[in-house]
Amino acid sequence: MFSTELITKFNDTPTPFYYYNLELLENTLEAIKEASSAYNYHVHYALKANSNHKILALIESHGFGADCVGGNEVKRAVECNFSADKIVFAGVGKTDDEINIALENDIFCFNCESIPELEVINELAEKKGKVAQIALRINPNVNANTHHYITTGLEENKFGINRWEFEDILKTLEQLDHIKLIGLHFHIGSQITDLSAFKGLCLRVNEIQEWFYEHKIIVDHINVGGGLGIDYENPKENPIPDFKKFFKIFNDFIALRPQQQLHFELGRSVVGQCGTLISKVLYVKNGVNTDFAIVDAGMTELLRPALYQATHSIENLTSNSQELKRYDVVGPICESSDCFAKSLLLPETKRGDLVAIHSAGAYGEVMASQYNLRDLVKAIY
Ligand code: LLP
């Protein structure tokens, strides 16, 4: 995957750092465009997965919209030239300042999650003499079969408006003159690899649309969120997710009304595989069952293993040894959860070896912290 020249460049760069393969990102973007344009679907890239300027510039240059979950993400999207009429703004806890930023930029749509939020957006829009376009984020109560921390579309989750609130929502909307309902929004979770969950979502969307139709409401667009998973086990074999299969499910199962547009908010599947965390082995230390390979990256640079028990494929880039040994690959942070892999087979590993922790493009750099007063690390391309 990495050429000798690239590994030499890695060796000359202070570790740890994120390496982004922009060619792979470009190919991924082309694949998404090809697969989505077959059905005229609109894709908003979810900035929360990675909001690095270079990455955003490339994504914007391919004509994607932006999905933001905070005022600073809206600002970043605007700064990176995403057209305001392709920006959507979600989140259960939008502050007044954040709503104002979005209003000032005349974004395409607020994805709204509660009655009090609708009232606040209406009030702030009125103060500015504007009408805010909104979509209702509906909790579809569909199980995404993913890690419980990244499941969002169940009634027990904090997200979205539940079925029993629909009547009240419509009554509220009738009274609010400074918001205009233009869409229905859904998102069932992230890292979804069992695609039948998306079929389940489509069928639920159809039922919900029926309810709105009976109440004489047909919205301009349906937004089905993101969630398409990537192959963390075999990133080299599957660097680009199967977007054709993904979009086809929606084409097959969602019942759109005439003129109704379908929107997506893809994050991980766009950027996940183009990023790698490169780290150096500091020490190899004997353990009881396996040795510890202590590397200079930790949960501060990639939180996913510690937070979600996520597995990222790890490769020793520089060892020439033919002998395979088992290692716990751990970081330097003062937490036992600061562990990237347990009992992993690697070629014999020594101090100074470079390791690649793959599939770190999504929810890697954006979730970095300065815990233990560590410095934030750089990205190279
Ligand atoms: N739309 C909404 C409303 C979302 O909440 C999310 C992700 C997305 C779109 C993008 O989903 P994606 O296509 O990336 O699955 N930090 C976790 C993932 C959190 C996902 C949060 N919501 C992780 O590292 O696995």
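Residues numbered from 1 in each chain as written. Predicted model: local features only at pLDDT ≥ 70, side-chain atom pairs only at ≥ 80, totals over all residues. Heavy atoms only, no water.

1. A short note on the domain arrangement of the chain
The figure often quoted for interface size is the accessible area lost as the parts come together. Its domain assignment divides the chain into domain 1 (4-16 + 273-380) and domain 2 (22-271). A C-alpha centroid distance of 33 Å is found between domain 1 and domain 2. Taken together, the 19 residues of domain 1 in the interface contact 23 residues of domain 2. Both sides together, the interface formed by domain 1 and domain 2 hides about 1,800 Å², and carbon and sulfur atoms give 56% of it. Summed over the three residues of domain 1 that lose the most area to domain 2, namely Q273, C274 and Y363, the buried surface amounts to 39% of that side. There are one salt bridge connecting domain 1 and domain 2. One salt bridge connects E315 with K236, and the closest N-O pair in it is separated by 2.9 Å. Summed over the shared surface of domain 1 and domain 2, the result is nine residue pairs in polar contact (both at pLDDT 80 or more). For the side of domain 1 that touches domain 2, the element with the highest residue contribution is helix 11 (residues 304-308), accounting for three residues. Residues belonging to the side of domain 1 that touches domain 2 are distributed by class as follows: seven nonpolar, nine polar and three charged. (Domains from an automatic or database assignment. Contact = heavy atoms within 4.5 Å. Buried area = accessible area lost by both parts, 1.4 Å probe. Salt bridge = Lys/Arg side-chain N within 4 Å of Asp/Glu carboxyl O. Polar contact = N/O pair within 3.5 Å; in protein donor to acceptor, adjacent residues only side chain to side chain. Helix = DSSP H or I, 4+ residues; strand = E, 2+ residues; numbered from the N terminus. Nonpolar A, V, L, I, M, F, W, Y, C, P; charged D, E, K, R; others polar.)

2. Let's talk about the sheet that holds strand 3 (residues 65-68)
One closed barrel holds the eight strands; their spatial order is 2-3-4-5-6-7-8-9, and the pairing between them is parallel. The mean inter-strand angle of the sheet, taken between neighbouring strand axes irrespective of direction, is 30°. In this structure, strand 8 (residues 221-223) lies alongside strand 9 (residues 261-266), joined through three bridges in parallel fashion. Note on strand 9: the bridge partner recorded for I222 is L262. The sheet strands contacting helix 4 (residues 71-79) are strand 3 and strand 4 (87-89), and the helix crosses strand 3 at an angle near 165°. (Pairing = 2+ DSSP bridges. Axes fitted to C-alpha atoms, helices over the stretch in contact; angles between N-to-C directions.)

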